[in-house]
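Structural overview
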Amino acid sequence: MIKDLWKKLLGKLQSVHDEEEEFREEDLEDRELIIDQEDKKQRIAIRGKFPKFYWAVIANVLLFAVLAALYVVCGSHIYSPKTAVEEYYAAYAEGDWNKIFDACAFPTSEFLSRQSFVNAHSYHGISGEAEEEIIGFTVNLAQKDEISRIYQVDYRIKGNSEKLSTQVEAVRGKQAGIFFHEWEIVPDGMYMKNAEIQIPAQAKLTLDGIELSSDYYVSTDSNVDIYRLPYLFCGYHTILLEQEGKESYREIYMAEAGKPLQILPELRLSETTGKEITGFVLDAVDAVYQAAISHEEFDTISQYFPSDAIGRNRAEEAYGEFTENFAGNWSRGVTKLAIRQMDINVSGGGSSGFEVTVDMTFSAEEAYRAWQFYSSTETYSGTSSLELRVYTNEADLKLNEGIFGFFENMELDEEDA
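Residues numbered from 1 in each chain as written. Predicted model: local features only at pLDDT ≥ 70, side-chain atom pairs only at ≥ 80, totals over all residues. Heavy atoms only, no water.

1. Points about the side chain of Lys-398
Within the secondary structure, Lys-398 is located in strand β16 (residues 398-399). Residue classification places Lys-398 among the buried residues on the basis of a relative accessible area of 10%. From its side chain, Lys-398 meets the backbone oxygen of Gln-303 in a polar contact 3.0 Å long. When residues no more than four places from it in sequence are discounted, the contact partners of Lys-398 are Phe-280, Gln-303, Tyr-304, Phe-305, Pro-306, Arg-389, Val-390 and Tyr-391. (Helix = DSSP H or I, 4+ residues; strand = E, 2+ residues; numbered from the N terminus. Buried < 20%, exposed > 50% of the residue type's maximum accessible area, 1.4 Å probe, protein only. Polar contact = N/O pair within 3.5 Å; in protein donor to acceptor, adjacent residues only side chain to side chain. Contact = heavy atoms within 4.5 Å.)

2. Some remarks on the sheet that holds strand β9 (residues 224-233)
On the basis of which strands lie adjacent, the open sheet formed by four strands has the order β8-β9-β5-β12 and mixed pairing. Looking at the sheet topology across the chains shown, the edges are occupied by β8 (217-221) and β12 (261-262). (Pairing = 2+ DSSP bridges.)

3. Here we look at the confidence of the model for the protein
Scored by pLDDT, the protein comes out at a mean of 81, with 74% of its residues at no less than 70. Segment residues 125-130 is flagged for pLDDT under 50; beyond a separation of four residues in sequence, or across chains, it makes three contacts in the model. (pLDDT = per-residue confidence, 0-100.)

4. Description of helix α7 (residues 271-293)
When the terminal C-alpha atoms of α7 are compared, their 33 Å separation across 23 residues agrees well with the 33 Å that a helix rising 1.5 Å per residue should span. The set of residues buried in α7 consists of Thr-273, Gly-274, Ile-277, Phe-280, Val-281, Ala-284, Val-285, Val-288, Tyr-289, Ala-291, Ala-292 and Ile-293. One or two steps after α7, the chain reaches His-295, where phi turns positive at roughly 55 degrees. (Expected span 1.5 Å × (residues − 1).)

5. A look at the nonpolar core
Counting 39 residues, the largest nonpolar core has Val-281, Tyr-289, Phe-305, Phe-326, Leu-337, Leu-399 and Ile-403 as its most contacted members. Counting residues per element, the ones that place at least two in this core are α7, α8 (309-326), β13 (332-348), β14 (354-370) and β15 (373-391). Top contributing element to this core by residue count: α7, with 10 residues. Aside from chain neighbours lying at most four places away, what touches Phe-326 is Tyr-289, Ala-292, Ile-293, Gly-333, Val-334, Leu-337, Phe-406 and Phe-407. Formed by 28 residues, the second largest nonpolar core is a distinct cluster that contains Cys-104, Phe-106, Tyr-151 and Val-168. (Core = buried A, V, L, I, M, F, W, Y, C linked by side-chain atoms within 4.5 Å.)

6. Points about the pairing of β8
Here β8 pairs with β9 via four bridges, running antiparallel. Opposite Asp-221, over in β9, you have Val-224 as the bridge partner. The loop that links β8 with its antiparallel partner β9 comprises two residues; one of these, Ser-222, has a positive phi angle of about 55 degrees.

7. Observations regarding the side chain of Asn-400
As for its placement among the helices and strands, Asn-400 is situated in the loop between β16 and β17 (411-412). In this structure Asn-400 comes out as buried when scored by relative accessible area, which is 18%. Among the polar contacts listed, one links the side chain of Asn-400 to the backbone nitrogen of Arg-389, at a separation of 3.1 Å. Look past the residues within four positions of Asn-400 in its chain and what remains in contact with it is Phe-305, Leu-388, Arg-389 and Tyr-391.

8. A few points about the pattern of salt bridges
Within this structure, the stated rule accounts for 10 salt bridges. Its salt-bridge partner being Arg-114, residue Asp-102 comes within 2.5 Å of it at the nearest N-O pair. Placement of Asp-102 in helix α5 (residues 97-103) and of Arg-114 in helix α6 (residues 114-122) is noted, with a sequence separation of 12 residues between them. Here Asp-102 falls in the exposed class, since its relative accessible area comes to 51%. Assessed through its relative accessible area of 35%, Arg-114 is described here as partly exposed. The closest approach of N and O atoms between Glu-196 and Arg-228, which form a salt bridge, is 3.4 Å. With Glu-196 in strand β5 (residues 191-200) and Arg-228 in strand β9, this residue pair connects regions lying 32 residues apart in the sequence. Assessed through its relative accessible area of 33%, Arg-228 is described here as partly exposed. (Salt bridge = Lys/Arg side-chain N within 4 Å of Asp/Glu carboxyl O.)

Put into C-alpha cells, the structure is as follows:
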C-alpha cells in the first residue's frame, strides 16, 4: 500500500511540473500581446505590478518542496533495510513462501527456482511434526557496515511464553530511484552448495521435474551412482527414479544441509520384464542342456550368448567343457534329462545385467560306457541351482556362462546317493 502511494506521489510531482510549464507559456503569450497593443506608459504600469505568474511559481515551488520532502521521508521508509527485514519476517510468520522468495537473494540456478522453493517448504509437517506458529516479533539493529545490516529478531511461539531470538542479514541490492537502494535478505540455511545425491547405479533421476544430466555425475561406488548439484534447497523434494526393466519409483525426500540426499530404494522388477527374462531363461536352460546331450555345435545355441568376440569365445569354451563333463563320449555321460520344476528369481538390472537364480528339480539317465559301447545305465534325481546373469544391453537378452554350473551345486536324492 505504501509503495502504491509512493507511485502516486511521483505522478503528482510530474503533473505539477507540467502545469507550471504550461502556465508560464500562456502568461508570456498574454504579456507579448499587451505590449504590442499598448503604449510605453501602459508597459511601464505593467512592470510596476506583481504578475500572477510569480504567485503561481511560488505556489508550485512550495508544493514541489512538500512533495520532495514526502519523497525522501517515504523513500527512507520503503527502502530501508529494517523495513525489508520486517516484511520478510512477517511473510515468514505467515508461511507465505512466495513473498519470502521475492525478498531473498538466491544464486542463479535451475535448482533454485520459485516453484522448488515453495514446494520445499510447503511439505513441512509431512513427517508428522506440527508447524510452530509465530505470534509476534520485534526487529532491532545489531550490526551494520557499508553494504549490509544484521538485525536481531525477537519473537514468541504460540503456546510458549519464552522469548526467542534469531538474526537476519540484509544486503544492499540494486538502486531504486535517485537516493535509495533495495535491500535483500541473505537466506541463511535455506539452501546448500555442492549437494551430493546418491541413487541406484544406472538409474535415471528426475528431481522436482528436472532430469539430472551426466554433467552432474561424479562417480559410482558399490552400485550407487553419485551426483553433485551446485545448489539445492533444504527441505522436501519430489523424486522420480526410473531404471530399465524396473517399475518407476516416486516419493518425497527431505534434503538436510551437510548430509547427502540418499535415494536408494529397492526398485521392483516390472511385471513385463520379469516375464520376459523368466521365459528367456526357461528356453535357454532346456535348449543348452539338450544341445549338450546331443553333442551339437555351439552355433546351435549361440543366440543365447553375447555376440562380441570376447563374450562368444568365453561362452563357447565353457560350453565345450560342460559338454565333455555332462555328456562325454567315453566312460560316462548324461543321455536324458528332464527338468520337473524350475523356480526363477530375478533381481538387479542396468548395464551390469539382471541377476537370475535358478533352482531346479530334475531326473536324469546316465550311461556308463566301455570301449565306446553302452554297458549300463543309471537313473537318478535331485536338485541343482544356477547363478546366471542376463544382459539387456543388446538387441536381445543374453546369458553369461553361469548356465553351465549344473554340477557345481547338484544334490542327489537320498535313494539315489
